[in-house]
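Listed below are the residues making up each chain.
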Amino acid sequence: MNNSNWFYIYNGKSSAAVTLQELINRLPQIGGGKTYVFGPGMTNWTEASKVPLLNPVASLQSGSNVDVVDYQIFGSEMQYVEITLDPSEMVIAEPGAMMYMTSGIQMETLFGDPSAPAQTGFFDKLMAAGKRILTGESLFISAFLNAGHSKETVAFAAPFPGKIIPIDLKLLGGELICQKDSFLCAVRGIQIGIAFQKRLGVGFFGGEGFIMQRLTGNGLVLVHAGGMIMKRNLKAGETLRVDTGCLVALQPSVDFDIQFVKGIKNLLFGGEGMFFATLTGPGDIWLQSLPLSRLAGRLVAAVGSDKEEGSILGRLGGILPR
């Protein structure tokens, strides 16, 4: 049986053989939930809404349905990750992150957070989409499903120089708090929510504001950070002071607070800002050596400067004829 041999029964009438894409296109018109389908790899007629290939949203909302996928990270400073999917396996990713995919991958753009089981109507989806906007993400998320009958691959690229960090949430108790914009992709079953900072100091001066991303589930997530990455396990009561922009991710068990930089000279001329982030264990933390805000600031300063590189004339050199 090949990809063209899909059949459906609607109102007691059976169809001729159609392709998978033709069937997906027809389901909205023929009423997917009341339609029974039969296709490659199936042993019985099944309600269309219960077939993952035909209903990626319902598949994503199944909390126990967490895919275990193979992946490989390529590159050094500008990395990408290639994920290998078995038939019917799926990954979700931020729109625009996809680098390439093989012919058997079916892409679906979904509204809000399709992994959240509470989304029963448009209002729920709108609320989920609003949460994504608060964390700096798009209204939509992309799902990539292996609709073929053999292994297929899809790759996602890092948005700026840095490292892609693979994290198995199952090993962390099922939850991770991370900076806004750090999420790259994840397996089916991972939910993307928001984490509010309870302390006013962290909210105003913590670099990431009141809102960070909360990733929950029991599978693989891949997040991206700038420069080199340091992972450290803080023991109970152990405290580490870090630049507020260098924090990438932490376990919920880690206490996150803000400390004012002491000393007038340090404050005015230290170049480290007014505040440190204080992280107190127990739990794992991930730090980045090059926050995007720092990189962007350096680029803006370099572009906006009219000083000739290496010139002793400085600004005067810019007004002389070339």
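All values reported here derive from a predicted model rather than from experimental measurement.

1. Some thoughts on the overall build of the protein
The number of helices and strands found in the protein is six helices and 23 strands. Looking at the protein as a whole, 43% of its 322 residues qualify as buried. Across the protein, contacts joining residues at least 24 apart in sequence account for 72% of those joining residues at least 6 apart.

2. Some details on the pairing of strand β10 (residues 140–146)
Within a regular strand, the side chains alternate between the two sheet faces. Across the seven residues that make up β10, a large majority, six, are buried. Relative to β10, strand β7 (residues 90–93) runs antiparallel, the two being bridged by four bridges. Bridge pairing in β10 places V91 opposite F144.

3. Brief notes about the packing of aromatic side chains
Under the criterion given, the structure shown has four aromatic pairs. With 6.3 Å between their ring centres and 65° between their planes, Y80 and Y100 make a pair best called edge-to-face. Here the residue Y80 occupies a position in strand β6 (residues 80–85), and Y100 occupies one in strand β8 (residues 98–101), the gap between them amounting to 20 residues. The class for Y80 is partly exposed, based on a relative accessible area of 22%. According to the relative accessible area criterion, Y100 is partly exposed, its value standing at 29%.

4. Focus on the sheet that holds strand β3 (residues 36–38)
Strand order in this open sheet of four strands is β2-β1-β3-β4, and the pairing throughout is antiparallel. Of all the strands in the sheet, the pair left with one neighbour each is β2 (13–14) and β4 (46–47). Sheet topology note: the strand β1 (residues 7–10)/β3 ladder contains three bridges and is antiparallel. When the sheet's bridge partners are listed, F7 is paired in β3 with F38.

5. Re the pairing of β1
Judged from the two bridges that link them, β1 and β2 form a sheet pairing that is antiparallel. Opposite I9, over in β2, you have S14 as the bridge partner. Counting the residues in the hairpin turn of β1 and β2 gives two residues, including N11, whose phi is positive at 55°.

6. Here's the deal with the nonpolar core
Counting 41 residues, the largest nonpolar core has V81, I83, F156, I167, C185, L215 and W286 as the members making the most contacts within it. Apart from the residues lying within four places of it in its own chain, the contact partners of C185 are V81, I83, I92, A93, F156, V221 and L222. L234, L240, V254 and I258 belong to the second largest nonpolar core, which has 15 residues in total.

7. Some thoughts on the environment of E89
Following the sequence through the fold, E89 ends up in the loop between β6 and β7. What makes E89 buried here is its relative accessible area of 10%. Residues E89 and E152, 63 residues apart in the sequence, show an inter-C-alpha distance of 9.5 Å. Dropping the residues within four chain positions of it, E89 is found in contact with D67, V68, V69, T84, F144, L145, N146 and R188.

8. Comments concerning the sheet that holds β6
Where strands meet in a sheet, backbone hydrogen bonds hold them as pairs that are either parallel or antiparallel. Read from one edge of the open sheet, four strands run β5-β6-β11-β8, paired in antiparallel fashion. Strands with a single pairing partner mark the edges of an open sheet, and in this sheet they are β5 (70–74) and β8. Neighbour-to-neighbour, the strand axes of the sheet open up by a mean angle of 20°, direction not taken into account. Strand direction decides the pairing type here: β8 and strand β11 (residues 152–157), joined by three bridges, are antiparallel. The partner of M101 across the bridge, within β11, is V154.

9. Digging into the pattern of salt bridges
Going through the model one piece at a time under the given rule, you end up with three salt bridges. Between E238 and R232 there is a salt bridge; the shortest N-O distance is 2.9 Å. Judged by its relative accessible area of 32%, R232 falls in the partly exposed class.

About the thresholds
Residues numbered from 1 in each chain as written. Predicted model: local features only at pLDDT ≥ 70, side-chain atom pairs only at ≥ 80, totals over all residues. Heavy atoms only, no water. Helix = DSSP H or I, 4+ residues; strand = E, 2+ residues; numbered from the N terminus. Buried < 20%, exposed > 50% of the residue type's maximum accessible area, 1.4 Å probe, protein only. Contact = heavy atoms within 4.5 Å. Pairing = 2+ DSSP bridges. Phe/Tyr/Trp six-rings, centres within 6.5 Å; stacked < 30°, edge-to-face > 60°. Core = buried A, V, L, I, M, F, W, Y, C linked by side-chain atoms within 4.5 Å. Axes fitted to C-alpha atoms, helices over the stretch in contact; angles between N-to-C directions. Salt bridge = Lys/Arg side-chain N within 4 Å of Asp/Glu carboxyl O.

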